[in-house]
Amino acid sequence: MKTIQLTLTLIFFFFLCSCNNNSELELGEKTIIKVNEVFDAGEVMKGKIIEAKFSVKNEGKNPLIIGEVRGSCSCTVASKPTEPIQPGDTKEIIAKVNTDKMSSGKISKSVRIVANTEPSVTIVTIKAKIKI
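The structure displayed is predicted, hence computed values, not measured ones.

**Regarding the nonpolar core**
Phase 1 of the analysis: Core analysis: the largest hydrophobic core is formed by 25 residues, its most contacted members being Phe 54, Val 56, Ile 66 and Ile 126.
Phase 2 of the analysis: Only strand S1 (33-35), strand S3 (49-58), strand S4 (66-71), strand S6 (90-98), strand S7 (105-115) and strand S8 (121-131) provide two or more residues apiece to this core.
Phase 3 of the analysis: For Ile 126, the residues in contact, after removing those within four places along its chain, are Phe 39, Ile 50, Ala 52, Phe 54, Thr 76, Ala 95, Val 97, Ile 107, Ser 108, Lys 109 and Val 111.

What follows is the structure in structure tokens.
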């Protein structure tokens with residue numbers, strides 16, 4: 001009987017100690033992302049690097065966590081904010097497109113953003129006209 005009481009007391013203290021008022025993000029909490037979907041660089045000389053900036057705003061109630069940003073090809077490299085974007089805050093995703101090996105004409109490159117949103121994938125596009 002004393003063993004059962006001791007076990008129950010230890011379990012009670014374990015739960016009591018583990019209950020704290022911390023506000024860490026729990027898995028599965030979704031939020032709302034607002035992002036300008038198209039960056040038009042206009043006319044660009046071949047060989048230049050296009051730096052596209054996408055403004056990302058968290059319009060939800062939970063922190064926005066961007067897990068991954070990936071360009072559609074090896075010529076497109078994107079970087080993301082390292083910290084969660086708090087509700088109401090705005091940060092930037094920067095994507096760079098190397099036009100060195102592209103031919104003249106219109107281009108359209110996409111960047112895939114994976115975040116804790118519904119849907120979880122958002123696609124943004126970089127457009128330009130390459131001139132030689």
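On we go.
**Observations regarding the sheet that holds strand S2 (residues 38-45)**
Phase 1 of the analysis: Strand order in the open sheet made by the 4 strands is S2-S8-S7-S4, with mixed pairing throughout. Here the strands that pair on one side only, and so sit at the sheet edges, are S2 and S4. For this sheet the average axis-to-axis angle between neighbouring strands, irrespective of direction, equals 20 degrees.
Phase 2 of the analysis: Pairing geometry for S7 and S8, over 10 bridges, is antiparallel. Paired with Ile 113 across the two strands is Thr 122, which belongs to S8.

**As for the pattern of salt bridges**
Side chains that differ in charge, positive against negative, can pair when their charged atoms come close.
Phase 1 of the analysis: The tally for this structure, following the rule as stated, stands at 5 salt bridges.
Phase 2 of the analysis: A salt bridge links Glu 68 to Arg 70, with the nearest nitrogen and oxygen atoms 2.6 Å apart.
Phase 3 of the analysis: Arg 112 is paired through a salt bridge with Glu 68; the nearest N and O atoms lie 3.5 Å apart. A residue pair is termed long-range when its members are at least 10 positions apart, and Arg 112 in strand S7 and Glu 68 in strand S4 qualify at 44 residues.

**Re the pairing of strand S5 (residues 76-79)**
Phase 1 of the analysis: Burial along S5 is one-sided: Thr 76 and Ala 78 are buried, while Val 77 and Ser 79, pointing the other way, are not.
Phase 2 of the analysis: Relative to S6, S5 runs antiparallel, the two being bridged by 4 bridges. Residue pairing across strands places Ser 79 opposite Ile 94, the latter belonging to S6.

Rules behind the numbers
- Residues numbered from 1 in each chain as written.
- Predicted model: local features only at pLDDT ≥ 70, side-chain atom pairs only at ≥ 80, totals over all residues.
- Heavy atoms only, no water.
- Core = buried A, V, L, I, M, F, W, Y, C linked by side-chain atoms within 4.5 Å.
- Buried < 20%, exposed > 50% of the residue type's maximum accessible area, 1.4 Å probe, protein only.
- Helix = DSSP H or I, 4+ residues; strand = E, 2+ residues; numbered from the N terminus.
- Contact = heavy atoms within 4.5 Å.
- Pairing = 2+ DSSP bridges.
- Axes fitted to C-alpha atoms, helices over the stretch in contact; angles between N-to-C directions.
- Salt bridge = Lys/Arg side-chain N within 4 Å of Asp/Glu carboxyl O.

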